[in-house]
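# Coordinates in review
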Amino acid sequence: MNNLHHKQQSDEELMVQVMGHHSPFSTKQAEAALVELHHRYSRKLLGYFIKMLNKDVDLAQDFVQDIFLKLLEKKHLFDPNKKFYSWIFTIASNMCKTAYRHHGKTVSLYPEMNHPSGLAENLAEKQLFLKALQAGIDNLEHHHKTVFVLRYLEHFPLNEIAEITESSLGTVKSRLFYATRKITDQLKHFDPSFETTLFKLN
Amino acid sequence: MEEQHERLFDLIESKSFEELTSEERTFVLNHLTEAEYTLQRTVISATAALEYSSDEPRAFSIPEKKKSILNRTIPLYQALIGAACLALLFFVVGNKKSYSLNWRFSEHPLEISLANGTSASPVKIIHDTIVREIPIISASKVIHDTITVVQTILQQPEKRMLEVGKTASYPELTEKLLESKSPSYKDDQTAQFLPSVSVVNTMK
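Residues numbered from 1 in each chain as written. Chains lettered and ligands numbered in written order. Predicted model: local features only at pLDDT ≥ 70, side-chain atom pairs only at ≥ 80, totals over all residues.

## Remarks on the interface of chain A and chain B
- Across the contact, 45 residues belong to chain A and 34 residues belong to chain B.
- Within the residue set of the side of chain A that touches chain B, elements represented by two or more residues are helix H3 (27-52), helix H4 (57-73), helix H6 (122-138), helix H7 (142-153), helix H9 (169-185) and helix H10 (194-197) of chain A.
- For the side of chain A that touches chain B, the class distribution of residues is 22 nonpolar, 14 polar and nine charged. (Contact = placed C-beta atoms within 7 Å. Helix = DSSP H or I, 4+ residues; strand = E, 2+ residues; numbered from the N terminus. Nonpolar A, V, L, I, M, F, W, Y, C, P; charged D, E, K, R; others polar.)

Below, the structure written as structure tokens:
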């Protein structure tokens, strides 16, 4: 009954129950609300952490557990008038920043650049391109990587990225331009005509 | 510079190089080559093709020691800091009160008039003892002080008029009043403990 009730509630209403000081919710109700939030967000957060932590799945799994415990500890900081998912992604982004500071930039080995010759080998070239692109994203500075992943891998609107990263819209756009340019600098040896042949941009 | 990067970002996200107007093209070419512009668009579109692990997240369970947090609205250390701040504030405000003088006169001021009925000469009112009250919570050191305040007024008080010629009558000095009923000094046995003085009765 409670679970059904929770499924009909918004994220913010569930978080208010976790906070537990607006009405006399029982501990069990608060726990159930937290489990429901985990159900809604764990998969998306896991994907985000995997991308941000250079595909370290085990570490990303630990981060998902940790973020919900952090959410419990920091529940008093949640503003019910703001969007829950922006708040939780802000925490996630800060966790990645801390990990980045502790472990430094993870050095990814660039893929061997033995380019197949001619457009006939486009598919193999595409695979190489994607590997190099992945390496380029992994090697971005944390603040550039955050906006790039949120925008092009998690598909967040620009204004929400600004909210998550606690910066202005202009700063977000500027960082996205820098991030893309940095990746591009490492991919200059590829044929830019890929856009028309392999990748389509809306 | 940031504004230019913002504009470049907007153009890269929305238009291919061929779709740019001549003005936009000139602006872009001031910062990037056509190949770089195209490659940036390729990077953006290719990012969507990147593959990541699609692992299922682990089941969530709250450790027993963390469950107690659900009963708390704020962390304990914050509650303690709050209480300490409140106590400090109370202490500071309480101490401030002790520095404000609370004027209370222990008795009515003495009013003196030199009046003969109609004179309006200035009269001085002298307030004597002043009691300063100090709150009990800060009464570690109590200071009693006496301050004399002299206040000049122009109107005569109506009470306690001492008019010339209407003073109380005193009894006349007579032999009977001067007559001593106690033993004389030379007969007084306690006089031997006093220094040697001579007594002269000036009234005779």
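## Quick word on H3(A)
- By the largest-angle criterion, A:Tyr41 marks the main kink of H3(A), which is about 50°.
- Where H3(A) ends, the next residue or the one after it, A:Asn54, has phi of about 50°, a positive value. (Bend = angle between axes of the 7 residues up to and from the residue.)

## What to know about the environment of A:Phe84
Residue and element names in this part refer to chain A.
- As for its placement among the helices and strands, Phe-84 is situated in helix H5 (residues 84-103).
- Judged by the 21 C-beta atoms lying within 10 Å of it, Phe-84 falls in the buried class.
- Residues Phe-84 and Ser-10 lie 74 residues apart in sequence; the distance between their C-alpha atoms is 9.1 Å.
- Beyond its immediate sequence surroundings of up to four residues, Phe-84 is in contact with Asp-11, Glu-12 and Met-15. (Buried ≥ 20, exposed ≤ 12 C-beta atoms within 10 Å, placed from the backbone.)

## Regarding the confidence of the model for chain A
- Confidence along chain A averages 81 in pLDDT terms, with 79% of residues attaining 70 or more.
- In the predicted structure, residues 105-120 of chain A sits below a pLDDT of 50 and forms 19 contacts with residues beyond four places in sequence or in another chain. (pLDDT = per-residue confidence, 0-100.)

## So, the packing of H7(A) against H9(A)
Residue and element names in this part refer to chain A.
- Where H7 contacts H9, the two axes come as close as 9 Å, and the packing angle between them is 95°. In this view, H7 runs roughly perpendicular relative to H9, as classed from their interaxial angle. When H7 is examined against H9, the residues His-143, His-144, Val-147, Phe-148 and Arg-151 are found in contact with a partner set consisting of Val-172, Arg-175, Leu-176, Tyr-178, Ala-179 and Lys-182.
- In the contact of H7 with H9, the residues fall into six nonpolar, two polar and three charged. (Axes fitted to C-alpha atoms, helices over the stretch in contact; angles between N-to-C directions. Parallel < 35°, antiparallel > 145°, perpendicular 65-115°, else oblique.)

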